[in-house]
Amino acid sequence: MTWDVAVRCAGRRRKLPTGPALGLAAISLIIAGALLAPLLTPHSPNLPLPDGMTPDGMPKPPSLAHWFGTDNLGRSMVARVLYGARATLLVGVVSNTIAVVVGTLVGGIGGMLEGRAEAAVMRFVDLMLAFPALILAIAIASIIGPSLWNAALIIALSNWTWIARVVYTKTLSIRERNFITAARLLGASRWYLFSRHLLMHLAPIMLVWETLGIATTVQMSAALSFLGVGVQPPTPSWGNIIHDNQNYFTVAPWTVLIPGVFILVLSLSFNIVGEYVHEKMEALESRERRPETAEDARERFGEIEHAG
Amino acid sequence: MNRQFFGFVAKRLGQGAIVLVGISIVTFLLLYVIPSDPASLIAGRAANPDTIARINAQLGLDKPVWLRYAIYMGHLLHGNLGTSYVERTQVARELLSRLPATLELVSGAIFWEVAIGVSLGVIGGVWRGRLADRLAMGFAYVTVAAPQFVTGLLLLYVFGFQLGWLPLGGYGGLSYLLLPSLTLGLLNAAWHTRVVRSEVVREQGEPYVEAALARGVSRRTVILRHVVPGAILPVPTLVGLDFGYLMGGAVIIDQVFGWPGVGQYMWQGIQNTDVPVIMGVTLFAAVFVVVANIIADIVSYFIDPRIRVN
Amino acid sequence: MSEAPVIELDHVSLVYRAGWGGAKSETLAVDDVSLVVNEGECLGLVGGSGSGKSTLARVMTGQIAATSGAVCIRLREDAATGHASGRRTITAPRPRDVAGHVGLVFQDPYASFDPHWTLRRSIEEALLLKGSSRRDHAGRGATDFLEMVGLNAAFAARRPGALSGGQIQRAAIARAIAINPDVLILDEALSSLDVSVQANALGLLARLRQELSLTIVFIGHNLAVVGAIADRVAVMEAGRLVEAGPTAQLYRAPQSDYTRQLIRAVPKLRHRQGGVAA
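Residues numbered from 1 in each chain as written. Chains lettered and ligands numbered in written order. Predicted model: local features only at pLDDT ≥ 70, side-chain atom pairs only at ≥ 80, totals over all residues.

K.L.:
I'm lost on the overall build of chain A in this one. Help?
P.N.:
The secondary structure content of chain A amounts to 12 helices and zero strands. Element order for chain A, N to C, with α for helix and β for strand: α-α-α-α-α-α-α-α-α-α-α-α. Residues counted as buried form 47% of the 308 residues belonging to chain A. Restricting the contact set of chain A to residue pairs at least 6 apart, pairs at least 24 apart contribute 73%. (Helix = DSSP H or I, 4+ residues; strand = E, 2+ residues; numbered from the N terminus. Buried ≥ 20, exposed ≤ 12 C-beta atoms within 10 Å, placed from the backbone. Contact = placed C-beta atoms within 7 Å.)

K.L.:
In this structure, what is going on with the pairing of strand β10 (residues 240-246) of chain C? I would like to understand it.
P.N.:
Within a regular strand, side chains alternate between the sheet's two faces. Residues and elements named next belong to chain C. Here strand β9 (residues 232-237) runs beside β10; their pairing, made up of six bridges, is antiparallel. If you follow Arg232 over to β10, its bridge partner there is Pro246. The hairpin turn running from β9 into β10, its antiparallel successor, is two residues long, and Ala238 in that turn takes a positive phi close to 50°. (Pairing = 2+ DSSP bridges.)

K.L.:
Explain the interface of chain B and chain A to me, please; I cannot follow it from the model alone.
P.N.:
By a frequent convention, interface size equals the accessible area lost on bringing the separate parts together. Listed per partner, the contact involves 35 residues of chain B and 35 residues of chain A. Listed by contribution, the elements that provide at least two residues to the side of chain B that touches chain A are α1 (3-33), α6 (131-145), α7 (148-162), α11 (235-257) and α13 (275-303) of chain B. Examining the composition of the side of chain B that touches chain A, we find that nine residues originate from one element, α13 of chain B, more than from any other.

K.L.:
So what exactly am I meant to see when it comes to the packing of helix α2 (residues 18-35) of chain A against helix α4 (residues 77-112) of chain A here?
P.N.:
In a pair of packed helices, the angle between the axes and the distance between the axes together describe the arrangement. Residue and element names in this part refer to chain A. In contact at an axis separation of 7 Å, α2 and α4 are set at 110° when each is read in the N-to-C sense. Here α2 lies roughly perpendicular to α4, going by the angle between them. α2 and α4 meet at a crossing whose hand is left-handed. Counted together, Ile30, Ile31, Gly33 and Ala34 of α2 and Leu82, Ala85, Arg86 and Leu89 of α4 form the full contact between these two elements. Residues that form the contact of α2 with α4 fall into these classes: six nonpolar, one polar and one charged. (Axes fitted to C-alpha atoms, helices over the stretch in contact; angles between N-to-C directions. Parallel < 35°, antiparallel > 145°, perpendicular 65-115°, else oblique. Left-handed = near helix turned anticlockwise from the far one by under 90°. Nonpolar A, V, L, I, M, F, W, Y, C, P; charged D, E, K, R; others polar.)

K.L.:
Explain the environment of Arg194 of chain B to me, please; I cannot follow it from the model alone.
P.N.:
Within the element layout of this structure, Arg194 of chain B appears in helix α8 (residues 174-204). When the C-alpha atoms of Arg194 of chain B and Arg219 of chain B are compared, they prove to be 22 Å apart, with 25 residues separating the residues in sequence.

K.L.:
Explanation requested: the nonpolar core in the structure shown.
P.N.:
Core analysis: the largest hydrophobic core is formed by 131 residues, its most contacted members being Ala137, Ile138, Ala151, Leu224 and Leu227 of chain A together with Ile278 and Val281 of chain B. Tallying contributions element by element places helix α9 (residues 190-226) of chain A first for this core, with 16 residues. When neighbours within four sequence positions are excluded, Leu224 of chain A is seen to be in contact with Ala137, Ile138, Ala141, Ala151, Val229, Gly230 and Gly239 of chain A. Residues Ala183 of chain A together with Val12, Leu186 and Ala230 of chain C belong to the second largest nonpolar core, which totals 85 residues. (Core = buried A, V, L, I, M, F, W, Y, C linked by C-beta atoms within 7 Å.)

K.L.:
Looking at this model, I keep getting lost on the packing of helix α5 (residues 91-126) of chain B against α6 of chain B. Mind explaining?
P.N.:
All names here are of chain B. Viewed as axis vectors pointing N to C, α5 and α6 meet at an angle of 140°, and their least axial separation amounts to 8 Å. Classed by the angle they form, the pair α5 and α6 counts as oblique. Seen from above, α5 lies across α6 with left-handed handedness. Listed contacts from α6 to Leu120, Ile123 and Gly124 of α5 are Ala132, Asp133, Ala136, Met137 and Phe139.

K.L.:
Can you walk me through the environment of Asp32 of chain C in this structure?
P.N.:
All names here are of chain C. Take Asp32: it is sitting in strand β2 (residues 25-38). Residues Asp32 and Ser13, spaced 19 residues apart in sequence, show a C-alpha to C-alpha distance of 4.9 Å. In this structure Asp32 touches His11, Ser13 and Arg240, once residues within four positions along its chain are discounted.

K.L.:
Would you mind showing me how to read unusual backbone geometry here?
P.N.:
For residues that are not glycine, phi is negative in most cases, and the peptide bond is trans in most cases. Geometrically, the link from Pro233 of chain A to Pro234 of chain A is a cis peptide bond, its omega value of 10° lying close to zero. Checked against the element boundaries, Pro234 of chain A lands in the loop between α9 and α10 (238-245). Phi angles above zero are rare outside glycine, and Asp32 of chain C is one such case at about 50°. Look at Asp32 of chain C and you get partly exposed, because 14 C-beta atoms sit within 10 Å. Positioned with a positive phi, Asn180 of chain C is a non-glycine residue whose angle comes to about 50°. Within the secondary structure, Asn180 of chain C is located in the loop between α5 (165-178) and β7 (183-187).

K.L.:
How should I be thinking about α5 of chain C in this particular structure?
P.N.:
Quick reminder: α-helices carry 3.6 residues per turn. Residues three or four places apart thus point the same way. Taking 1.5 Å as the rise per residue, α5 of chain C with 14 residues should run 20 Å; its terminal C-alpha atoms sit 20 Å apart, in good agreement. Within α5 of chain C, 14 of the 14 residues are buried, which leaves it mostly tucked inside the rest of the structure. (Expected span 1.5 Å × (residues − 1).)

K.L.:
So what exactly am I meant to see when it comes to the environment of Asp257 of chain C here?
P.N.:
Residue and element names in this part refer to chain C. When you line up the elements, Asp257 lands in helix α9 (residues 257-265). What makes Asp257 exposed here is the crowd of 11 C-beta atoms within 10 Å. A C-alpha to C-alpha distance of 9.2 Å links Asp257 and Val242, two positions 15 residues apart in sequence.

Structural data, given as structure tokens:
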């Protein structure tokens, strides 16, 4: 993908198909909700409301007064979900970004090394790939102490390997190209080749995985929180809201279903948008393999070459 | 069975062994090296000065790291996964006693994921672009995005609570197995659907399909006897890979459904920060995953000739 | 044109080893080749695919180490002014010895440049990597070199995707000569161009060679194209040097069957009434 082609595409303002458009809308709404939470609800996510419980001490169902009802401690579900979006989004985005960065560095640099070093790096990646990610993440989180940042780090650790593999394969195909050989013949260092040339070629993949990966990291974050080893109460996150309320599920299903639906929508949206980005990148890439241009035709018919 | 096959198996076993050693190193580090005071970590809530002193002696914390690791490996190879500090039982023994329940759960999950995944994948591939395909793909997308604990709770609510058809969790016969295994298998079913669907589409494009149809063979026969077998070649490998997710997911499912499996043991360990239990289950899961991957690779080797060329 | 050799190959062989266990295989990519490239001359290297000509070029420049035999390169001493103050001889050269002294032009035009970069940036990269400056010792910059190959200054801001094959190869030549190379190697550089475009490119190369006193190794599979520019031609088949000699002499009196085959393979146009001569 070349930048000028990409810019031309963006400028052309083609209409987005419904799937990605909806997905993008959902993501934007959720992010907006998270950021504007204090403006959107007068309630605090951690304070039980005076009228939060029914007379027998049960959560209140959704009503005009409380759109999402209340939870097991009488707290406003709207507030908890909106503020909870922050934690969930934060962990999802941060962990995924770390995974993409680490994966790109390892896969890209590994691909630029040669011989034993390269084999060693990729052997290491394969090793990490074989680990049972989720259960290891749970184990580590429970031992080193659960917290938002630990959860993000651990999820990143579980996810970077896929990206490293993909980046490595792509690097191999680029590294054989002549402009890399030419630069190497001039004495360019591997780091120069990686940072100046390779990264731009890897940018599309990184973008795709940045989007697609969040779908997974959001889920893993919710899973960790649900098990009690992620974001710790009283800080809300969608996963731990469900954790707190799972015993009330039969009498107050909204306390579980509403955050559950939010997790589903967020993950699904990132999935759809990510796949759309993926398709677009692939289309641009195959266009790079050159069909004949007007220039080629002109040249064949012997017209004088002037630029512009 | 020729030399190439044995070479393949040997290579896979070697890789598996390396992975397991790697995992054992990681668990060892987590158990004994990283925590600044592993003794109180292990003792957990039952900590008192005598206990801590005893653990310190037990752990041999004055010995150099590599020696401690060697001792640890020695224990592992003897099947000694340590002792749960809270329950005062042997971790390994407890794991073995819970293994049947987990195997039941995982088998059920695999049944569902293959049954649902392959059916929907074939439907989607054969009726590509039509409503059936849209529904199948829609299902796949939504299921991947849904958190397992929510799906599980939802199914429990609908089928257990509202309709009363199935028990509300616990262990027993098939009726107890249905919902947990379904929930566990749904996620992977979605992946299978997508893979099988694209394989069906690819297979349908092969020249022999057109040739057979031109010869007058009925479409149904072509699909059932040729396209589908060709399309499901990746499934065994996928199932093998799924074991990793299944083991992780089992923790959640056991918790939601009250299933007395390995996952529930892990859950208890987490609640109590019972480190030997946590690491024991992790190691166990890792062995499970590695062995399953190797078996899946071997099965694929026999089924899919393309792998042999690699 | 002096007779001082820039590259000397003496009984050079290259063996590729692959596989392990019982499946070891050895391929003789270069088989006992002795060859000399003299300063200022254009040496043609001809052969079919798999004849080893590209591999030989890589051995010449030290990119691959020969398994046996002697490889010797004499490179200009680059003083600060860039004038050749003398030559130093390197035996068994490695890539870093040769860095900045060899200009390479490859067969696939579009892989020769980073598609994200403008032509100017790509040429400046060569200059920067060699001499840490965007201009060479004579003050020439990217646009100057582009003009030398017939691309006016407006091309500098273009990217490879917007150019035709012939234009890109010219730009590749521009980049190769920008570093003032001791030897310019064209590896099937014109093979993917249309015939009329090839003719233009050959004319350009001949002119540049004259102006810059270049030493050129021209690799190709078409004897007619190679012969159009080369002073001497070396013919390779299956890694062996089959024949070598001045171009005209090779055409008139080929010593080996393979050379004769190659000559026959060149399409000749018969002279017709008012038609085109061969």
